[in-house]
Amino acid sequence: MAPPPYREGRGGLGAEPGLREAGPEGGCGVREAGSGAGPELREAGPGGGAAGGASLKRTSETGLENVIDKVATFKKPGVSGHGVYELKDECLKEFNIFFYHYTKTQHSKAEHTQKKRRKQENRDEALPPPPPPAFSPAFSSVVRILSCDVMMHILRTLLQRAVELETHLWTEPMIQMVGAKYSSSIKEMLILFATTIYRVGLKVAPNEADSRIPVMTWSTCAFTIQSIENLLETEGKPLFGSLQNRQHSGLKALVQFAAAQRTTSPQPLIQKHLIRLLGVLLPNYKGEDTPSLLEVDMFHILVGAVLSFPSLYWEDAVDLQPSSVSSAYNHLYLFHLTTLAHIMQIVISSATESPSAHSCDNSEETQSAQSFCREVCQYTSGCFSQDIPGWLMWDCVKKGIMPYLRCAALFFHYLLGVSPPEELLQVCEEGQFKALCSYLSLPTNLFLLFHEYWDTVNPLLQRWCADPVVLSCLKGKSIAIRYPRKRNHLIELPDDYSCLLNQASQFRCPRSSDDEQKHPVLCLFCGAMLCSQNTCCQELVNGEELGACTSHALQCGAGVCMFLKIRECKVVLIEGKTRGCLYPAPYLDEYGETDPGLKRGNPLHLCQERYRKLHLLWQQHCIIEEIARSQETNQIFFGFNWQLL
């Protein structure tokens, strides 16, 4: 539990006249700088340091230069374009991660940095704040409140929970035991949050009774896990142990919140959704609008099915809940079923795969894959070729199923609290597949799952293979999604900025025939060239006049987008119709500096590290956060009409 932020007083952090003793003369500025700077502090610029901290300029006018030199060491500018102050080792004991000027993001980064440093030094990862100044004599007896029975009980409870490495204050068994016993206030908060997800996600008016709310909540949970897995894979970080505390707590709360939907929504509605989800996997339950096996994301099916399955125990007269043993088997069988279906998706989509090399692999997995291909060929009346080498099919399945297994591991970890094996706490490509299979109770030869449940799966396999969409794909009349799915990236940019200037000079607005100078912008999501800040390309959307960029963002990024203003060499981030900010372009001159407005005229070249940061900003869903942070420091943008951009 974080203590309340210290207040700034004349004697330093926490010192207040009459309440606490003031520190030594001159100690205020040093301690303030040491606590506020964090392990890193930028020399100048629009943002704080990597671990949080205000931007400060080296200036003798404020007297801060001498103070900073006492607590930090200056490092010259690197790729970021800013010099960085690093806190001296002897000042780390004064560093306060709960500094009152920190934003939530800065506090999270500071906490993550400090824990990482303590772990490298083999020290306890607990992060107590620096001790505040002593109370003045008149208030010194206040500390005796800690000796009362109530306070001792509170402290004892907190300390007991603190020593538990995996504390789960809101777990699956607790939800099952409490059931409908949630207090009305908690239910109201859960319903409000779920309704907000539904309203924002579908851009509709709030309606607590809408049947789509539980599905939207489950999909939000699944998509968030997939986004985090994608980010960790792209950055080359281990699946577990890499998230910051704020991300870890947020994901845990989101999974438990999604699990609670069956207690806040009508049980018949949850049962209806479950039947529809199972209809994709069990063709006998198919309805008129049930999608094909090849048209769904199997991880979304898994999350929805696992979280809604306990509704089958509900009856009109009795509110039954599955036991812990029943829940464990339900999770296992549902996971195995969706895994089998996903393997089938990969096999069908790999039917047209041609080997680029020859392999003499004759392992058990290769033989099982070859045998399975023969079964599929038989059930599809020869549409599926049995000439596909077994080693190639096994390679496609092993590579294609990895994102699904990684997402499933994250989901069940945050749902059930089972600690992951050591291999998943490290970056180890070779042992990751075996570790995931072990953690998820899967055989390393995934085709053995079909043999384990063959009597049950054989009829399902025949129906899956007879699906018209599957047969159409095998006959080459339609295209199926390939696995692993290609990860999204920002568009490729030329190395030389003059190439973009040439494209801009040749740009002609499709809606205007005059010679008026245009302001071409490039969408970094899809590569579309747009005519910005001109009336010719304004569109009427829901009765509002929107500029080309704003209307394009609604279609391309659900209102959030990233553009490059070519003739000004600036990146523009926008969110919705009323918010946006400028961001440094990823093009630098030979001195490592940007050229906003192209005023200097030096040759510019693409900086891959800068562009990677833009990509991470998008991939981490931090564009909205960056806009909010920028508007806090640059009030001038509040007067800009982003709607007509």
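Could you clarify how one ought to interpret the overall build of the protein in this entry?
Counting secondary structure elements, the protein contains 23 helices and 14 strands. The burial tally for the protein puts 44% of its 645 residues in the buried class. Across the protein, contacts joining residues at least 24 apart in sequence account for 67% of those joining residues at least 6 apart. With an accessible surface of roughly 33900 Å², the protein has 54% of that area assigned to carbon and sulfur atoms.

Any chance you could explain the packing of helix H10 (residues 267–281) against helix H11 (residues 298–308) here in plain terms?
Angle between the axes and distance between the axes are the two parameters that describe a pair of packed helices. In the contact formed by H10 and H11, the axes pass within 9 Å of each other and the chain directions differ by 140 degrees. The orientation of H10 relative to H11 falls into the category oblique. Crossing geometry of H10 relative to H11 is assigned as left-handed. Facing H10, whose interface residues are Ile270, Leu274, Leu277, Val280 and Leu281, H11 presents Met298, Ile301, Gly304, Ala305 and Ser308. Residues belonging to the contact of H10 with H11 are distributed by class as follows: eight nonpolar, two polar and no charged.

Honestly, the sheet that holds strand E6 (residues 520–523) in this entry has me stumped. Any pointers?
Each strand in a sheet pairs with its neighbour through backbone hydrogen bonds, running either in the same direction (parallel) or in the opposite one (antiparallel). Across the sheet, five strands lie side by side as E7-E6-E10-E11-E12; this open sheet has antiparallel pairing. Looking at the sheet topology across the chains shown, the edges are occupied by strand E7 (529–531) and strand E12 (579–584). Averaged over all adjacent pairs, the angle separating strand axes in this sheet is 30 degrees, with direction ignored. Pairing analysis gives three bridges linking E6 to E7, with the strands arranged antiparallel. Among the inter-strand pairings, valine 521 is bridged to a residue of E7, identified as leucine 530.

Whenever I open this one, the packing of aromatic side chains confuses me. Can you help?
Centre distance and the angle of the planes are the two values used to describe a pair of aromatic rings. Summed over the entire model, instances satisfying the criterion amount to 14 aromatic pairs. On the basis of an interplanar angle of 40 degrees and a centroid distance of 4.4 Å, the ring pair of phenylalanine 372 and phenylalanine 450 is categorised as tilted. Of the two residues, phenylalanine 372 sits in helix H13 (residues 364–379) while phenylalanine 450 sits in helix H17 (residues 448–452), which places them 78 residues apart along the sequence. Here a set of aromatic residues connected by ring pairs shows up, and it is made of Phe299, Phe335, Tyr404, Phe411 and Phe412.

Before we go on, may I ask you to explain the pattern of salt bridges in this structure?
A pair can form between side chains of opposite charge whenever their charged atoms are brought close. Taken as a whole and judged by the stated rule, the model has 16 salt bridges. The partner of arginine 485 in a salt bridge is aspartate 297, with the nearest N and O atoms 2.8 Å apart. Placement of arginine 485 in the loop between helix H19 (468–474) and helix H20 (497–505) and of aspartate 297 in the loop between H10 and H11 is noted, with a sequence separation of 188 residues between them. The exposure class assigned to arginine 485 is partly exposed, which follows from its relative accessible area of 42%. We note a salt bridge from glutamate 575 to arginine 579, for which the minimum N-O separation is 3.0 Å. For arginine 579, a relative accessible area of 25% corresponds to the partly exposed category. A single salt-bridge network, built from bridges that share partners, covers Glu229, Glu233, Arg406 and Arg487.

Each value, and the rule that gives it
Residues numbered from 1 in each chain as written. Predicted model: local features only at pLDDT ≥ 70, side-chain atom pairs only at ≥ 80, totals over all residues. Heavy atoms only, no water. Helix = DSSP H or I, 4+ residues; strand = E, 2+ residues; numbered from the N terminus. Buried < 20%, exposed > 50% of the residue type's maximum accessible area, 1.4 Å probe, protein only. Contact = heavy atoms within 4.5 Å. Areas by Shrake-Rupley, 256 points an atom, 1.4 Å probe, with all protein chains shown as cover. Axes fitted to C-alpha atoms, helices over the stretch in contact; angles between N-to-C directions. Parallel < 35°, antiparallel > 145°, perpendicular 65-115°, else oblique. Left-handed = near helix turned anticlockwise from the far one by under 90°. Nonpolar A, V, L, I, M, F, W, Y, C, P; charged D, E, K, R; others polar. Pairing = 2+ DSSP bridges. Phe/Tyr/Trp six-rings, centres within 6.5 Å; stacked < 30°, edge-to-face > 60°. Salt bridge = Lys/Arg side-chain N within 4 Å of Asp/Glu carboxyl O.

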